[in-house]
Amino acid sequence: GAGVSQSPSNKVTEKGKDVELRCDPISGHTALYWYRQSLGQGLEFLIYFQGNSAPDKSGLPSDRFSAERTGGSVSTLTIQRTQQEDSAVYLCASSRTSGGVWGELFFGEGSRLTVL
Amino acid sequence: AQSVTQLGSHVSVSEGALVLLRCNYSSSVPPYLFWYVQYPNQGLQLLLKYTSAATLVKGINGFEAEFKKSETSFHLTKPSAHMSDAAEYFCAVSESGSGTYKYIFGTGTRLKVLA
């Protein structure tokens, strides 16, 4: 597709369950980002992948959160043992940014997670 | 580490009035600065960016922002607000030359335009 694709668009789960959120970036984009958007919290940085480099995980809020990016393309954000405070919209973005060239971030529509 | 502060989570202006959304940043190296806009029920899109060229940057839809190093600010302005400008606006910073291209966003300012 032409844009960043995220799935599912909506996910309702029970507290304690694991969830996986998927992001398919724009083809050719080397950088991929995950953010969490909550009311009043803005966009909270979670994790950033750049090419084949080790990801910057400095924003992951706890060890229940993890992410991987396979083959430099699709990324999966996994939340284990979900808690109600994990409820938010999870945004993925990709860009061509690399080697000193700054590219625009292109965002997906987001995955809205509700933990009951 | 870089950070961004957006003053005012909600701003209301009358249609035709000046729009001023404030953004202050903190960065240990020369920053790159961005404004993104999120219209209702839509994804975020780039409004404008500063990457060390001209300090006054023009963006889409008549918006512009000025980089002021002495004030560590990157405020967003538009001379005359339009109803279609109602949206949430996010300021973001990234540290140039640090080898990372991580973007840190502010908490956002929701702009309301009154008829």
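Described in the following lines is the structure provided in the data block.

Scoring rules and cut-offs
Residues numbered from 1 in each chain as written. Chains lettered and ligands numbered in written order. Predicted model: local features only at pLDDT ≥ 70, side-chain atom pairs only at ≥ 80, totals over all residues. Heavy atoms only, no water. Disulfide = S-S within 2.5 Å. Helix = DSSP H or I, 4+ residues; strand = E, 2+ residues; numbered from the N terminus. Buried < 20%, exposed > 50% of the residue type's maximum accessible area, 1.4 Å probe, protein only. Contact = heavy atoms within 4.5 Å. Buried area = accessible area lost by both parts, 1.4 Å probe. Salt bridge = Lys/Arg side-chain N within 4 Å of Asp/Glu carboxyl O. Pairing = 2+ DSSP bridges. Axes fitted to C-alpha atoms, helices over the stretch in contact; angles between N-to-C directions.

**Looking at the state of the cysteines**
Residue and element names in this part refer to chain B.
So, step 1. Considering all chains together, one arrives at two disulfides over all chains under this definition.
So, step 2. Between Cys 23 and Cys 91 runs a disulfide, and the two sulfur atoms are separated by 1.9 Å. Disulfide Cys 23 to Cys 91: torsion about the S-S bond roughly -65°, handedness left-handed. Highlighted residues: Cys 23 in strand β3 (residues 19-26) and Cys 91 in strand β9 (residues 87-95), separated in sequence by 68 residues. Each member of the pair, Cys 23 together with Cys 91, is buried.

**A closer look at the interface of chain A and chain B**
So, step 1. Contact residues are listed per partner, giving 24 residues for chain A and 23 residues for chain B.
So, step 2. Both sides of the chain A and chain B interface together cover about 1,800 Å² of buried area, and 60% of this is carbon and sulfur.
So, step 3. For the chain A face of the interface with chain B, the top three residues by lost area are Leu 43, Trp 102 and Phe 107 of chain A, together amounting to 37%.
So, step 4. Summed over the shared surface of chain A and chain B, the result is one salt bridge.

**Quick word on the side chain of Thr 82 of chain A**
So, step 1. Note on placement: Thr 82 of chain A falls in the loop between β7 (75-79) and β8 (88-95).
So, step 2. What Thr 82 of chain A contacts, discounting residues up to four positions off in sequence, is Thr 13, Glu 14, Lys 15, Gly 16, Lys 17, Val 19, Arg 64 and Val 115 of chain A.

**A short note on the pairing of strand β2 (residues 10-14) of chain B**
Two faces belong to every sheet, and in a regular strand the side chains alternate between them.
Residue and element names in this part refer to chain B.
So, step 1. With burial as the criterion, only one face of β2 is covered, namely that bearing Val 11 and Val 13; the residues His 10, Ser 12 and Ser 14 on the opposite face remain uncovered.
So, step 2. As paired strands, β2 and strand β11 (residues 109-114) are joined by five bridges and run parallel to one another. Across the sheet, the residue bridging to Val 13 is Val 113, located in β11.

**Re the pattern of salt bridges**
Any two side chains of opposite charge can pair if their charged atoms end up close together.
Residues and elements named next belong to chain B.
So, step 1. Considering all chains together, one arrives at seven salt bridges over all chains under this definition.
So, step 2. Across the pair Arg 110 and Glu 88 runs a salt bridge, and its minimum N-O distance is 2.9 Å. Of the two residues, Arg 110 is situated in strand β11 and Glu 88 in strand β9; the sequence distance between them amounts to 22 residues.
So, step 3. Classification of Glu 88 by relative accessible area gives buried; the value is 13%.

**A short note on the pairing of strand β5 (residues 44-50) of chain B**
Residues and elements named next belong to chain B.
So, step 1. The buried count for β5 comes to five of seven residues, which makes it a mostly enclosed element.
So, step 2. Pairing analysis gives six bridges linking strand β4 (residues 31-38) to β5, with the strands arranged antiparallel. Residue pairing in the sheet places Gln 38 in a bridge with Leu 44 of β5.
So, step 3. Between β4 and β5, which pair antiparallel one after the other, the connecting turn spans five residues, and Asn 41 there sits at a positive phi close to 60°.

**Topic: the environment of Leu 47 of chain B**
All names here are of chain B.
So, step 1. Among the secondary structure elements, Leu 47 is positioned in strand β5.
So, step 2. Exposure remark for Leu 47: the relative accessible area of 3% places this residue in the buried category.
So, step 3. Between the C-alpha atoms of Leu 47 and Tyr 89, which are 42 residues apart in sequence, the distance is 9.0 Å.
So, step 4. Residues contacting Leu 47, with those up to four places away along its chain left out, are Trp 35, Tyr 36, Val 37, Gly 59, Ile 60, Phe 63, Leu 76 and Tyr 89.

**Topic: the sheet that holds strand β7 (residues 64-68) of chain B**
All names here are of chain B.
So, step 1. Taking strand neighbours across the sheet as the criterion, the five strands line up as β1-β3-β8-β7-β6 in an open arrangement whose pairing is antiparallel. Each edge of the open sheet is held by one strand with a lone partner, namely β1 (3-7) and β6 (56-58). Shown here is a sheet whose adjacent strand axes are inclined to one another by a mean of 20°, direction ignored.
So, step 2. Sheet topology places β6 next to β7; three bridges connect them, and they run antiparallel. Paired with Lys 58 across the bridge in β7 is Glu 64.

**A look at the sheet that holds strand β6 (residues 65-69) of chain A**
All names here are of chain A.
So, step 1. Spatial strand order, β1-β3-β7-β6: four strands in an open sheet with antiparallel pairing. Pairing within the sheet leaves two strands with one partner each, and these edge strands are β1 (5-7) and β6. Each adjacent strand pair in this sheet contributes to an overall mean axis angle of 15°, direction not counted.

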